[in-house]
Structure formats: C-alpha cells, structure tokens
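Report on the structure
The residues making up each chain are set out below.
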Amino acid sequence: ASLTGQTPQKYPELPAGVKMDANIAYDTHKETVLDVFQPATPAAAKRPGVIVIHGGGWVGGTKEGQWDNFVRRYLEKGFVVANVEYRLAKAATAPAAVEDALKAANWFLNNAAKYNVDKKRIIVTGGSAGGHLSLMVGMTPKSAKLGKPAKVAAVVNFYGITDVGDQLAGPNMRQYAVTWVPDSPGRIDLANRVSPMTYVRRGLPPILTLHGDADQTVPYEHGVKLTKALNDIGVRTEMISVPQGRHGFPKEKMDELYKEIFAFLTRIGVMKD
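Described below are features of the structure shown in this document. The structure displayed is predicted, hence computed values, not measured ones.

**A short note on the sheet that holds strand β5 (residues 117–127)**
- Taken in spatial order, the eight strands line up as β1-β2-β4-β3-β5-β6-β7-β8 in an open sheet, and their pairing is mixed. Each edge of the sheet is formed by a strand with only one pairing partner; in this case those strands are β1 (18–25) and β8 (237–242). Strand-to-strand twist across the sheet, computed as the mean angle between neighbouring axes with direction ignored, equals 15°.
- Two elements, strand β2 (residues 33–39) and strand β4 (residues 80–84), share four bridges in a ladder whose sense is antiparallel. Looking at β4, one finds that F37 is bridged to V81.
- Relative to β8, helix α6 (residues 220–232) is tilted by about 155°, and along the sheet it contacts β7 (207–212) and β8.

**Examining the pairing of strand β3 (residues 47–53)**
- Within β3, seven of the seven residues are buried, leaving the element largely enclosed by the surrounding structure.
- Sheet topology places β3 next to β5; six bridges connect them, and they run parallel. Residue pairing across strands places V52 opposite T125, the latter belonging to β5.
- For β3 and β4, the ladder comprises five bridges, and the chain directions are parallel. When the sheet's bridge partners are listed, I53 is paired in β4 with V84.

**Structural notes on unusual backbone geometry**
- Of note, the bond from A94 into P95 is cis; its omega dihedral lies within 30 degrees of zero at 10°.
- Examined against the element boundaries, P95 turns out to sit in the loop between β4 and α2 (96–110).
- Not every positive phi belongs to a glycine, and N116 is a case in point at roughly 60°.
- Assignment of secondary structure puts N116 in the loop between α2 and β5.
- Unlike most non-glycine residues, Q244 shows phi in positive territory, near 60°.
- Within the secondary structure, Q244 is located in the loop between β8 and α7 (251–267).

**Here's the deal with the side chain of R87**
- Among the secondary structure elements, R87 is positioned in the loop between β4 and α2.
- Only 2.8 Å separates the side chain of R87 from the side chain of D100, close enough to count as a polar contact.
- R87 has contacts with H29, E31, T32, A92, A96, A97, E99 and D100, leaving out every residue within four places of it along the chain.

Cut-offs and rules
- Residues numbered from 1 in each chain as written.
- Predicted model: local features only at pLDDT ≥ 70, side-chain atom pairs only at ≥ 80, totals over all residues.
- Heavy atoms only, no water.
- Pairing = 2+ DSSP bridges.
- Helix = DSSP H or I, 4+ residues; strand = E, 2+ residues; numbered from the N terminus.
- Axes fitted to C-alpha atoms, helices over the stretch in contact; angles between N-to-C directions.
- Contact = heavy atoms within 4.5 Å.
- Buried < 20%, exposed > 50% of the residue type's maximum accessible area, 1.4 Å probe, protein only.
- Polar contact = N/O pair within 3.5 Å; in protein donor to acceptor, adjacent residues only side chain to side chain.

Okay, structure coming up:
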C-alpha cells in the first residue's frame, strides 16, 4: 500500500483524549497541508514532537494512510504529531516534494511553542518515499538550495530511497522514480541533489534505519550503504535489518520494531525514561 497509493482518504475515529487540527496550510499550494495531533490532557512539561511523511513513491499515498503505522504509535507515547501532505509528481516533479517536506518541518519547528512541543526533541519519520523525504529533512544543507534547512533531533527511516539515481536506470529502475525525476537535461545532477547519500557529512542528527533484507522495491543496499557511510564519518546511526522483510512490515513486526525505535529515542534523549 505504501507504494501503490491505495491508502485511506480519511482517518479512523479518533480515540478519546486526542485532539486534531486538520489541514493546516504550511505553504501556498493546495496540497501543502498538514494535520497536528496532540494528547488532549495538559502536560506538565513540553512534549516531544514527530513529523510524519507518507510514502507512495512520490506519486501516490496520503497522510491519512499513516494513522496506524506512524501517527497512532507516537500519540500513545505522548508525542505531538505533525502529519504531512505534499505535492506528488502529478502536481510537481522533483524536487518539489523535498522542498515541501522542508517547509513543513520548519512550520512545525516555528509553531512548536503553540503546541507545547520541545523544539530540541522533534524527530522526523516515514516509510519508502516518506523515509527518503525524512532523510532529506534531516540531512539537507543550505548549499543544496532546496529550502531552509530544518534542525531535527533524529530521523527514523523505514526503507527509504537513499540514492535516487540508482532507481532511474539499470536493474533497480522503478517507474515511480522515473515519473518523479523525468528525463530532462541535468537529470542526473537533479537525482544527486535529491539523494540523501549526497549529504553524508559530520554534524548530522542521529539516524535510525529499518529495512527488510528481501525488499523488492527499495533495495536493502540503500539502507546498508547509508548506514555504513554515516558510521564511517562518526555520525550516530543504527540499522535494524528485518530478515526476509519485504517492502512494508506486518503489524506484529511493527509492534516489535517500535519497541526498538522507542528504545533508540530514549538513548538519544528524545524520550524520557
């Protein structure tokens, strides 16, 4: 579902004790809206925050489809959640989705006080193209000229594309990538510009990658190569490999993985013991 775009267009009934501000504009395009979810009960201290970015190969998917695997999980741990919609390829090709993701992240950072969020404990997460966009939020420097960099505390990347050019030709070519980065002069330069691998450098936030070693859509090597490159220069990074894991994990596996995700977020200080 994360790639076909066959995702729900509306949320399930919200659980008691959750408030939602829906379809807040963070930019001027009709697609550039986000939803903010927060626990309704007042908190004694500022809460951690998470920016959720949906997948769908930059060509499909909806923010509403992120409820079960992402939004709900963080709400249950007391996070304030910003769930992001952005321009898909039919509205605007690359690098529009990256520009939107950066604007959405900066909107949440700028509005942290309004939602009682600790700006120093905001993370970003997503799967597939959403994992790619989450990495771009955490890694894009000013020199990329893709928008104002966003200072986040960590990235939790589920099987995100780390090398866009790898999916434009050759054995790993995928139609969604070709659609998002269509043939044009400077295409390879653009693919590099929107690839997380391009921005591996010291000073990045901690990055956790989760990837199945049997992923048939985004090669497992994308996660392996990024993690190795980050490790080699001393960026705090971890990778959880899922044996026989394909592109998307069943609920039981997600339950297991979130225990490890929340342990990671506790180790780096985003979550409190």
